[in-house]
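# A structural walkthrough
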Amino acid sequence: QLQLVESGGGLVQSGGSLRLSCASSGFTFSNYAMTWYRQAPGKERELVAAITQTGGTNYKDSVKGRFTISRDNAKNTVYLQMNNLKPEDTARYYCKARHSLTAIQYWGQGTQVTVSS
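Residues numbered from 1 in each chain as written. Predicted model: local features only at pLDDT ≥ 70, side-chain atom pairs only at ≥ 80, totals over all residues. Heavy atoms only, no water.

What follows concerns the pattern of salt bridges. It is possible for side chains bearing opposite charge to pair when their charged atoms get close. Tallied over the full model, the rule gives 5 salt bridges. Put simply, arginine 38 and aspartate 89 hold a salt bridge, and the shortest N to O gap is 3.0 Å. Placement of arginine 38 in strand β4 (residues 32-39) and of aspartate 89 in the loop between β8 (77-82) and β9 (91-99) is noted, with a sequence separation of 51 residues between them. A salt bridge links aspartate 89 to arginine 66, with the nearest nitrogen and oxygen atoms 2.7 Å apart. Placement of the pair is aspartate 89 in the loop between β8 and β9 and arginine 66 in the loop between β6 (57-59) and β7 (67-72), with a sequence separation of 23 residues. Here aspartate 89 matches arginine 66 in class, with each residue buried. (Salt bridge = Lys/Arg side-chain N within 4 Å of Asp/Glu carboxyl O. Helix = DSSP H or I, 4+ residues; strand = E, 2+ residues; numbered from the N terminus. Buried < 20%, exposed > 50% of the residue type's maximum accessible area, 1.4 Å probe, protein only.)

Take a look at the structure:
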């Protein structure tokens, strides 16, 4: 059964850290680029960080230097290390898998991150 399951969200004070995980199953993880998105109430979903099959990364400007995306193909998991969190990082965070050739996409259900000031 195909699944993307995010975990690691929670409530943290401004300046704190969280590590999100997205565990996948049911597809060949190494063939997929992985992306973290977030969506705050009343706002559009936005790309936060992405990592290719070969480890290339890119980030939303506002999280550069604070967030780090990584992947472990042996564990079929992508991570988002978030440091120096700010209240404006509050959102529901989703991971997405996108096949490198077919562009087939899968989404997880998300995990909530709330940063208090």
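With that settled, consider unusual backbone geometry. Phi angles above zero are rare outside glycine, and asparagine 76 is one such case at about 55 degrees. You can see asparagine 76 is positioned in the loop between β7 and β8. Judged by relative accessible area, asparagine 76 falls into the partly exposed class, the value being 27%. Although it is not a glycine, alanine 103 sits at a positive phi angle of roughly 65 degrees. As for its position among the elements, alanine 103 is in the loop between β9 and β10 (105-107).

This paragraph deals with the state of the cysteines. Summed over the entire model, instances satisfying the criterion amount to 1 disulfide. Between the sulfur atoms of cysteine 22 and its disulfide partner cysteine 95 the distance amounts to 1.9 Å. In this structure the cystine formed by cysteine 22 and cysteine 95 twists about its S-S bond by roughly 40 degrees; its chirality is therefore right-handed. Taken together, the residues cysteine 22 in strand β3 (residues 18-25) and cysteine 95 in strand β9 connect sequence positions 73 residues apart. (Disulfide = S-S within 2.5 Å.)

The class of arginine 38 is buried, set by a relative accessible area of 5%. Polar side-chain contacts of arginine 38 include one of 3.0 Å to the side chain of aspartate 89. (Polar contact = N/O pair within 3.5 Å; in protein donor to acceptor, adjacent residues only side chain to side chain.)

The subject of this paragraph is the side chain of arginine 66. With a relative accessible area of 8%, arginine 66 lands in the buried category. Side-chain polar atoms of arginine 66 contact the backbone oxygen of asparagine 84, separated by 3.0 Å. When sequence neighbours within four positions are dropped, the list of residues in contact with arginine 66 reads Gln81, Met82, Asn83, Asn84, Leu85, Lys86 and Asp89. (Contact = heavy atoms within 4.5 Å.)

So, on to the packing of aromatic side chains. For the coordinates displayed, the defined rule picks out 4 aromatic pairs. Here the basic side chain of arginine 19 rests over the ring of tyrosine 79, its NZ or CZ set 4.0 Å away from the ring centre. When the ring centre of tyrosine 94 is taken as origin, the NZ or CZ atom of arginine 45, which lies over that ring, is 3.8 Å away. (Phe/Tyr/Trp six-rings, centres within 6.5 Å; stacked < 30°, edge-to-face > 60°. Lys NZ or Arg CZ within 6 Å of the ring centre and 35° of its normal.)

Turning to the environment of arginine 66, a few remarks are in order. Spatially, the C-alpha atom of arginine 66 lies 15 Å from that of tyrosine 37, the residues being 29 residues apart in sequence. Polar contacts involving the side chain of arginine 66 include one to the side chain of aspartate 89, which spans 2.7 Å.

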